[in-house]
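Structural features, examined
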Amino acid sequence: MPTWIAVLVVVALVVVTALVGWLLRRRESRPRPAAAIESDWLEPDARGEQATLVQFSTEMCARCPQVRRMLHTLVDDVDGVALAEVDLTHRADLASRLHILQTPTVFVLDATGAVRSRFAGVPRRNAVAAELGRVIGEPAHV
Amino acid sequence: MSDTPAGIDPRGPRFGAAITSVLLLIVIIHGLTGISTAQGAASFGWFAYQPLAGQTFLLNGFVLAAAPIGLRILDPAFLLLLVVALLFLWGVLSPRTAPWGVLYRKLVQPRSKPPTELEDPRPPRFAQGVGLLVSVIGLVLQLAGVPWGLPIAAAAAFVAAFLNAAFGFCLGCQLYLLLQRMGLVGRRRAA
């Protein structure tokens, strides 16, 4: 293969990878509806009065700590919202049951404990705040 | 979690991934222009390689399949990917002393702002292992005479390294949950 074609192929590879990265990044702040998932795996007293954020992590999750810190600041700002964390390192069964393919994954539970939506990846703070507000039924004051 | 190791600056692994990405791009260019993908007898000219007596190969066949093992190894793409694989191995065995990490701490970190957050060193180390595995697959395919094997493996490793460097994604870490769900890694809680 001539060098110029090889260079073109490599440039195309860089461009496509960058595009994929950009799309992945954008998708992470988009909540997916998660109707009809029960939350019997969560201790009832870990739930908040208005809503609950559940973060799923593993020991090998590089980006989980930053999400945990971000969610903590969010939960501190909104009354009646609790934050729970589930370490899937020891719970492969739960990961399959809840169809969790990556960590971090964040579930938004409403006042009754039903899972309303989920974020796969590292969501932006305002995206989680907006979703929390929607689930609580009023805009979150954050 | 008392067994959690001391945190590291998350920019360190990303700095390393950026250098790895560049090296892998060079591997891919060599792979595409060199013996890994070359077809037909015409390409032999620039290797100064004379087919061994009695050895036959198809005119439109891949050069790699007919090349002796020495040529498969002395290919620049193979040698450079071998270096990258050894660097991955270093990162798995001893992340503290791995060259890019040392370079980052000696040259870059003193000149930049202190990190706003520290990260667990285990996920990047696991990802180095995944990088090592992918590189070794590429090397083995080249040794086995499989055309395109090396550049494609290098491209897969590049995608992972570039996404890590540019976006902070860690595909190796994502893979951990999938492997764990298949029961290959991790521990189950005692019932």
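Every value quoted in this text rests on a predicted model; they were computed, and no experiment measured them. (Residues numbered from 1 in each chain as written. Chains lettered and ligands numbered in written order. Predicted model: local features only at pLDDT ≥ 70, side-chain atom pairs only at ≥ 80, totals over all residues. Heavy atoms only, no water.)

Let's shift gears to the domain arrangement of chain A. Buried accessible area, meaning the area lost when the parts come together, often serves as the stated size of an interface. Each assigned domain of chain A is listed with its residue range as follows: domain 1 (1–29) and domain 2 (31–136). Distance between the C-alpha centres of domain 1 of chain A and domain 2 of chain A: 32 Å. (Domains from an automatic or database assignment.)

It is worth spelling out the state of the cysteines at this point. Residues and elements named next belong to chain A. This model, assessed by the stated rule, comprises 1 disulfide over all chains. In this model C61 forms its disulfide with C64; the gap between the sulfur atoms is 1.9 Å. Across the S-S bond of C61 and C64 the torsion is about 85°, and the bridge reads as right-handed. Pair check on accessibility: C61 and C64 agree, each one buried. (Disulfide = S-S within 2.5 Å. Buried < 20%, exposed > 50% of the residue type's maximum accessible area, 1.4 Å probe, protein only.)

What follows is about helix α8 (residues 171–181) of chain B. Of the residues making up α8 of chain B, those classed as buried are G172, C173, Q174, Y176, L177 and Q180 of chain B. Buried positions along α8 of chain B lie against α3 (92–97) of chain A together with α6 (122–143) of chain B. The first or second residue beyond α8 of chain B is G183 of chain B, which carries a positive phi of 80°. (Helix = DSSP H or I, 4+ residues; strand = E, 2+ residues; numbered from the N terminus. Contact = heavy atoms within 4.5 Å.)

Here we come to the interface of chain B and chain A. Taken together, the 31 residues of chain B in the interface contact 37 residues of chain A. In total, chain B and chain A occlude about 3,300 Å² of area from one another, counting both sides; carbon and sulfur atoms represent 65% of this. Per-residue buried area on chain B facing chain A is highest for F169, L177 and R181 of chain B; these three make up 19% of the total on that side. Our enumeration of links across chain B and chain A arrives at 0 salt bridges. Where chain B touches chain A, the interface holds 1 residue pair in polar contact (both at pLDDT 80 or more). Of all the secondary structure elements, the ones that give two or more residues to the side of chain B that touches chain A are α1 (11–33), α6, α7 (149–167) and α8 of chain B. If one sorts the elements of the side of chain B that touches chain A by residue count, α8 of chain B sits on top with 7 residues. (Buried area = accessible area lost by both parts, 1.4 Å probe. Salt bridge = Lys/Arg side-chain N within 4 Å of Asp/Glu carboxyl O. Polar contact = N/O pair within 3.5 Å; in protein donor to acceptor, adjacent residues only side chain to side chain.)

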